[in-house]
Amino acid sequence: MTPTAKLARIRLNPQSRAVARDLRDATQMHRTLMRLVPDNLGDSPRSRSGLLFRVESTPEATTVFLQATADLDERALPPAYGHVQIKDLSPMFAALRPELPVRYRITLNPCRRERLPLTQKNQRGKIIPLTGADADQWWARRAESAGLRLTTLLPTPAAPARRHDNEAPLRHSLIRYDGTATVTDPHALTNALLSGIGKGKPYGAGLLTLAPATA
C-alpha cells in the first residue's frame, strides 16, 4: 500500500508579527505549525502526525516546507501568516524504485555524543555538533542507511535554530545539503522520508525532500 503524506509550502508574510516571533524562536515555530494537525494525538503528537519542517530563506522570501501524514488544516495558522499550497506526496512514494536518480534537499543537525571515560560510565556525554568533512561523512552514512547512494553533495550552513523555552537559550547548528543521488532501497527511503533523519526534528531539521533528477 502506497504511504500517504502531504507537503505544505508556506510562503511567510514578512509583515506578520507571528512570523517574526516564530523566526526568532524555533520552539514557537514548532507550536504554530503543530496547529495545522489534529488535536488529541496523545503524548507524542509531532511523531504521531509525522510532522517535519524546514525553513528556507532567499533574498525574495522566507518559506516553510511542512510534511505530515495527518490531515493539514491551513485555517489554523495565525491570520495573514502566509500563502499556503498543499500537495499530495503519494505519487512520489509510488514512483520510488531501485536505481532511480533523484535530486534531494535536507537540513540536518549533524552531531555526535561525547565519549566519556570509564569512570563516568553511568553518565551521558554532551552532544557535539559536527562541521566540515565530519558533517559531510555523517550525512553520507545516514543517506546510505536511508536507501540513497549520494552522487553529489553540496553543504550550505543554515541559520541556527534558536530556542528560548529554557532559562538559558539553546542553539542548534544546522547544515543544508543539496545534491543528486540514486535510490538503492525504496522501503528504507520511504521510512526515512516519513520519519525524518537525525536529531532536531522539532526545530526544523530532518525533512528530506526529493525531486526527479534532470539530465
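Residues numbered from 1 in each chain as written. Predicted model: local features only at pLDDT ≥ 70, side-chain atom pairs only at ≥ 80, totals over all residues. Heavy atoms only, no water.

Draft legend 1. Local environment of unusual backbone geometry. Despite not being glycine, Ala-80 has its phi angle at roughly 55 degrees, a positive value. Relative to the assigned elements, Ala-80 resides in the loop between strand 3 (62-68) and strand 4 (82-88). (Helix = DSSP H or I, 4+ residues; strand = E, 2+ residues; numbered from the N terminus.)

Draft legend 2. Expanded view of the pattern of salt bridges. A full pass over the atoms with the stated rule returns seven salt bridges. A salt bridge links Arg-105 to Glu-56; the shortest N-O distance between them is 2.9 Å. Residue Arg-105 is found in strand 5 (residues 101-108), and its partner Glu-56 is found in strand 2 (residues 52-57); the two are separated by 49 residues along the sequence. We classify Arg-105 as partly exposed; its relative accessible area is 25%. When its relative accessible area of 12% is taken as the criterion, Glu-56 is described as buried. For Asp-73, the salt bridge is made with Arg-75, and the minimal N-O distance between the two is 2.9 Å. (Salt bridge = Lys/Arg side-chain N within 4 Å of Asp/Glu carboxyl O. Buried < 20%, exposed > 50% of the residue type's maximum accessible area, 1.4 Å probe, protein only.)

Draft legend 3. Local environment of the sheet that holds strand 2. Sheet architecture is open: four strands sit in the order 2-3-1-4, paired in antiparallel fashion. Where the open sheet ends on each side, the last strands, each with one partner, are strand 2 and strand 4. The average undirected angle you get between the axes of adjacent strands in this sheet is 15 degrees. Sheet topology places strand 1 (residues 6-12) next to strand 4; seven bridges connect them, and they run antiparallel. Considered in strand 4, the bridge of Leu-12 is made with Gly-82. (Pairing = 2+ DSSP bridges. Axes fitted to C-alpha atoms, helices over the stretch in contact; angles between N-to-C directions.)

Draft legend 4. Molecular detail of a positive patch on the surface. On the surface, Arg-113, Arg-141, Arg-142 and Lys-199 cluster together to form a positively charged patch. Its location among the elements puts Arg-113 in strand 6 (residues 111-113). By relative accessible area, which is 32% here, Arg-113 ends up partly exposed. (Patch = residues over 30% accessible without salt bridge, like charges linked within 9 Å, V, L, I, M, F, W, Y side chains within 5 Å. Areas by Shrake-Rupley, 256 points an atom, 1.4 Å probe, with all protein chains shown as cover. Lys, Arg positive; Asp, Glu negative; His and termini not counted. Charge placed at Lys NZ, Arg CZ, Asp CG, Glu CD.)

Draft legend 5. Seen up close, helix 1 (residues 17-24). Buried within helix 1 we find Ala-18, Val-19 and Asp-22. For helix 1, the angular spread of buried residues about the axis comes to 100 degrees, placing them on one side. Along helix 1, exposed side chains directed more than 90 degrees from the buried face belong to Arg-17 and Arg-24. Against the buried residues of helix 1 lie strand 1 and helix 2 (26-34). Sitting at the head of helix 1, Ser-16 places a side-chain oxygen 3.2 Å from the backbone nitrogen of Ala-18. (Arc of directions from axis to C-beta. Contact = heavy atoms within 4.5 Å. Polar contact = N/O pair within 3.5 Å; in protein donor to acceptor, adjacent residues only side chain to side chain.)

Draft legend 6. Structural detail: helix 5 (residues 132-145). Its 14 residues place the ends of helix 5 20 Å apart at the C-alpha level, agreeing with the 20 Å of an ideal helix rising 1.5 Å per residue. Three or more residues of helix 5 are buried, namely Ala-135, Trp-138, Trp-139 and Ala-143. Down the axis, helix 5 shows its buried residues gathered within 130 degrees of arc, on one side only. For helix 5, the exposed residues set more than 90 degrees away from the buried face come down to Glu-144 and Ser-145. Among the residues trailing helix 5, Gly-147 stands out with phi positive, at a value near 85 degrees. (Expected span 1.5 Å × (residues − 1).)

Draft legend 7. Structural view of the packing of helix 1 against helix 2. Closest axis-to-axis distance for the helix 1/helix 2 pair is 5 Å, and the angle between their directions is 125 degrees. On the basis of their axis angle, the class for helix 1 and helix 2 is oblique. In contact with Arg-21, Asp-22, Leu-23 and Arg-24 of helix 1, helix 2 contributes Ala-26, Gln-28, Met-29 and Thr-32. Among the residues forming the contact of helix 1 with helix 2, the class breakdown is three nonpolar, two polar and three charged. (Parallel < 35°, antiparallel > 145°, perpendicular 65-115°, else oblique. Nonpolar A, V, L, I, M, F, W, Y, C, P; charged D, E, K, R; others polar.)

Draft legend 8. The environment of Phe-65, seen in detail. Looking at where Phe-65 falls in the secondary structure, it is placed in strand 3. With 142 residues separating them along the chain, Phe-65 and Leu-207 place their C-alpha atoms 8.6 Å apart. Sequence-distant contacts of Phe-65, defined by excluding residues within four places in its chain, comprise Leu-7, Ala-8, Arg-9, Leu-52, Phe-53, Arg-54, Glu-56 and Leu-207.

Read these as spatial facts, not as claims about activity.
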